[in-house]
Amino acid sequence: MRFACRRGLVVAVSVAAVALAGCGVHLHNPGDAKQAQAALASYAKVDFDGAVATARSNSTQLARAEREALVNLTESLVAADLAAVLADAPASGDPPRGWLRVESEGLEVLGPLGILDGRSLRLAPTEDARRIANRLLRRDEQQERARIARERFDTMIRRYVRGTPPGTQKARCDYRPAPEDLAEQIPSPAEIAGRARPEGEPEAKWNFYRNIVVRACDVVRSEEAAADPATVLVKHEEFAALDARLKTLEATVRAEDVEARLLLDRLGAAKKALADAEARLAEATVQKQTAKAAADVAHLQEDVAKKAAALEAVVKESQALPFAAVLAKQELLQTILTNFRALGGADETGTSEGTRRLLALLKTYPDVAGPIRAADKPPVNLLLLELTAQRLEYQRLNAQLQADRDRLKILRGQRELMVQRATGWIRLVDAAEQLTVVDRLRAAPIAAVQAAAAQDQKARLAEVLDAYAEIRMRYDAPAAALAFDDDDRRRVLRFDLSDIALAAWKDFIRAPLQEVAAYHDGGLTSEDLANVIHAIGLGGIAVGVNR
Amino acid sequence: MTRVRSAVTLVLVLAAALAGCTSGRYVRETSQILSEDVVALRRDLDRYVEGQQRNAARRIETVLRQRRQREEVDEIVQAKLQQADGAEALHRAALARARQRIAAERARAEALAAERQALQNTQSRLDTELAGQLDELVEQLKGLSSSPSLKERAAFLVEYFKRTKKAIDAAEAAAARP
């Protein structure tokens, strides 16, 4: 009877235990556990970076060969053009032949500037034409003058903004200010002439600003304008288009890089100011006993509201700049998670007033995950996942920023080449000034005219031909190389983005896979079950004994 | 029977604690989603590799074509220069002088940059903190030279009376001692 009772108990408990498996009780399955471990091991072996790294390395190797082949071919084409110019009889067409080709190319570059005399390679006999030509020919000297003027100004403005008390007036002096910097520009001497000393500005500082700083800035602007070839070449359509692209990209990089980081600093400061105000309020609230203390609390509450509004304003501002927005979201998420850890519990993410406020601000970003926006107290795992997503977004934007920085260098290089080409053509025009055989050059091959020309004309013509060869060699191959670099940089960006996409896959597969493997690794084994049954069996025996 | 019920309850609690009723389904669903994700990744990678190989093949063809073109162009140049007397010499001279000038200019620029760098290297870094330190000193001196605010004066008086009172109390206590 005792034995039957004990056996009945064991069977009942075993059946109950096994039946539970149907509801989802996890019984350990060695086969599944082995398979899960194998999956984890396979995952560890997957070389996520390998595919892109190999493709990147292959592409770099090819790019070298491509660039070299392109530059070599371009140099050969320059040599071929020069040969055609020298040997072909002049003829109009596309492209023209002989000397007419030289004239046609020169007109294409200098014609839009309005400095040539009709359709010939001669400067118009006007002071304006010579002045414009000289600005390009003496650009190096002008740039040096602009540099010295800028250095002098920098010294002045440092002195003005430093000291006790510091100067209070606008301190930016840009020759071509970006629209967002316009409000901070130092006025011109004419603009400041009738102004009275602003309130709060010490007299000595005001005098220094009006008489020294403003004038130094005026000199900088005029010297930099004179040194900028854009003021001359902007009439050239191709140059104007390139210059406009350059300005747009400069503004983008400035917004992405400098302004986003400045905004992040402001966000950090606003967040700290709010946290400090909240801490002061919390302290005062605890101590609130007297009427005066209550008034203090009211005042501190106002201060907290003010600081919260300031933080909200910075957050709103950041939403206009993708780079600033992603940095700000990371900052907010990190603070929320840090607060959560300090409080120590999944349900505590929304309990502190400060954290709740930060959560509310985080939710104002339209791209924050829906479940976070919907939840009053989002689970920590969701916030961690959002942080991972934001970090990936940051990496993507950062890769784009690096590419933009490099493209900026390429665009500047292309702009500089166009300036050099125009300068080269002005030199050629200067050399052609002394040519008296132009009519013969329009009728016979250059080589033939050269052979028959007088000694001085031979020398003049050689100078013109040297100048032509130099223009083409200085411009064509480097321009082709820069255009190639531009394409290649886009290719590198695609590799960077592929790397980031793979890193995302890697992160998003690893976490759940580890969880699945851990699940299969655990569970109720037959041994565990035997132990439980054994323990219950002992209980049964004890029951029997006691009876 | 009470013990039996306790034992069954123990198993139930143990089972629930070990896994919970929904874990198995969650793991199965997660595994299913994961396997679909890995299949998608695999497909993407295949497409990526195919695309890269196609690109590389196209680029190799372009390089080869440009090299061949260059050879052809060089031949055309030679043929063209043979057509006109004196053209070859003019061509050679113009290219050589242009190359020389470009090389000379580049060498000059590099020499100038090296010279500038060498001169800059001879310069020790100036102590730029001095100005900041002096500014700080000015602030401190200004603080000392300005007359105290009402609040500062009040704080001083409160502190003064506190200390005085403490001293008087101490003196009285001492006097009261037998």
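Residues numbered from 1 in each chain as written. Chains lettered and ligands numbered in written order. Predicted model: local features only at pLDDT ≥ 70, side-chain atom pairs only at ≥ 80, totals over all residues. Heavy atoms only, no water.

Caption draft 1: Layout of the overall build of chain A. Looking only at helices and strands, chain A has 19 helices and zero strands in total. Among the 547 residues that make up chain A, the fraction classed as buried is 45%. For chain A, the accessible area works out to roughly 27900 Å², and carbon and sulfur atoms hold 54% of it. (Helix = DSSP H or I, 4+ residues; strand = E, 2+ residues; numbered from the N terminus. Buried < 20%, exposed > 50% of the residue type's maximum accessible area, 1.4 Å probe, protein only. Areas by Shrake-Rupley, 256 points an atom, 1.4 Å probe, with all protein chains shown as cover.)

Caption draft 2: Spatial organisation of the overall build of chain B. Within chain B, the regular secondary structure consists of five helices and zero strands. Shown N-terminal to C-terminal, the secondary structure of chain B runs as helices and strands in the order α-α-α-α-α. When burial is assessed residue by residue, chain B has 17% of its 178 residues classed as buried. For chain B, the accessible surface area stands at approximately 14400 Å², while carbon and sulfur atoms represent 58% of it.

Caption draft 3: Just the side chain of A:R139, in detail. All names here are of chain A. Here R139 shows up in helix α6 (residues 139-161). The buried category is assigned to R139, whose relative accessible area is 8%. In contact with R139, not counting residues within four places along its chain, are A227, P229, E416 and V419. (Contact = heavy atoms within 4.5 Å.)

Caption draft 4: How the structure looks around the packing of α6(A) against helix α8 (residues 203-227) of chain A. Residue and element names in this part refer to chain A. Across the interface, α6 lies against α8 with an axial gap of 8 Å and an inter-helix angle of 160°. Considered as vectors, α6 and α8 are oriented roughly antiparallel to each other. Once α6 is placed against α8, the crossing between them reads as left-handed. (Axes fitted to C-alpha atoms, helices over the stretch in contact; angles between N-to-C directions. Parallel < 35°, antiparallel > 145°, perpendicular 65-115°, else oblique. Left-handed = near helix turned anticlockwise from the far one by under 90°.)

Caption draft 5: Inspection of a negative patch on the surface at higher detail. Residue and element names in this part refer to chain B. On the surface, E71, E72, D74 and E75 cluster together into a patch of negative charge. With respect to the helices and strands, the residue E72 is situated in helix α2 (residues 23-83). Taking relative accessible area as the criterion, E72 reaches 46% and is therefore assigned partly exposed. (Patch = residues over 30% accessible without salt bridge, like charges linked within 9 Å, V, L, I, M, F, W, Y side chains within 5 Å. Salt bridge = Lys/Arg side-chain N within 4 Å of Asp/Glu carboxyl O. Lys, Arg positive; Asp, Glu negative; His and termini not counted. Charge placed at Lys NZ, Arg CZ, Asp CG, Glu CD.)

Caption draft 6: Structural context of the packing of helix α18 (residues 455-521) of chain A against helix α3 (residues 87-121) of chain B. It is at 8 Å that the axes of α18(A) and α3(B) come closest, and there the two elements cross at 60°. Overall, the two elements α18(A) and α3(B) adopt an arrangement that is oblique. At the point where α18(A) passes α3(B), the crossing takes the right-handed sense. Contacts between α18(A) and α3(B) pair A:A462, A:L465, A:D466, A:A467, A:A469, A:E470, A:M473 and A:R474 from the former with B:L90, B:A93, B:A94, B:L95, B:R97, B:A98, B:R99, B:R101, B:I102 and B:E105 from the latter.

Caption draft 7: Highlighting the pattern of salt bridges. Residue and element names in this part refer to chain A. Per the counting criterion, the structure on display carries 50 salt bridges over all chains. Across the salt bridge formed by E317 and R266, the nearest N and O atoms sit 2.8 Å from each other. One end of the pair, E317, is in helix α11 (residues 291-318); the other, R266, is in helix α10 (residues 237-287), and 51 residues separate them in sequence. Overall, the relative accessible area of 39% leaves R266 in the partly exposed class. Put simply, K329 and D367 hold a salt bridge, and the shortest N to O gap is 2.5 Å. Of this pair, K329 sits in helix α12 (residues 322-343) while D367 sits in the loop between α13 (353-362) and α14 (370-374); the two residues are 38 residues apart in sequence, bridging distant segments of the chain. The exposure class of D367 is partly exposed, given its relative accessible area of 45%. Residues joined in a network through salt bridges with shared partners are D81, R101, E105, R472 and D476.

Caption draft 8: Fine view of the state of the cysteines. Residues and elements named next belong to chain A. According to the stated counting rule, one finds one disulfide over all chains in the structure shown. The disulfide that involves C173 links it to C217, with 2.2 Å between the sulfurs. Looking along the S-S bond of the C173-C217 disulfide, the torsion reads about 100°, which is the right-handed sense. Of this pair, C173 sits in the loop between α6 and α7 (189-192) while C217 sits in helix α8; the two residues are 44 residues apart in sequence, bridging distant segments of the chain. C173 gets classed as buried once you look at its relative accessible area, which sits at 3%. (Disulfide = S-S within 2.5 Å.)

Without other data, these values stay purely geometric and don't point to any function.
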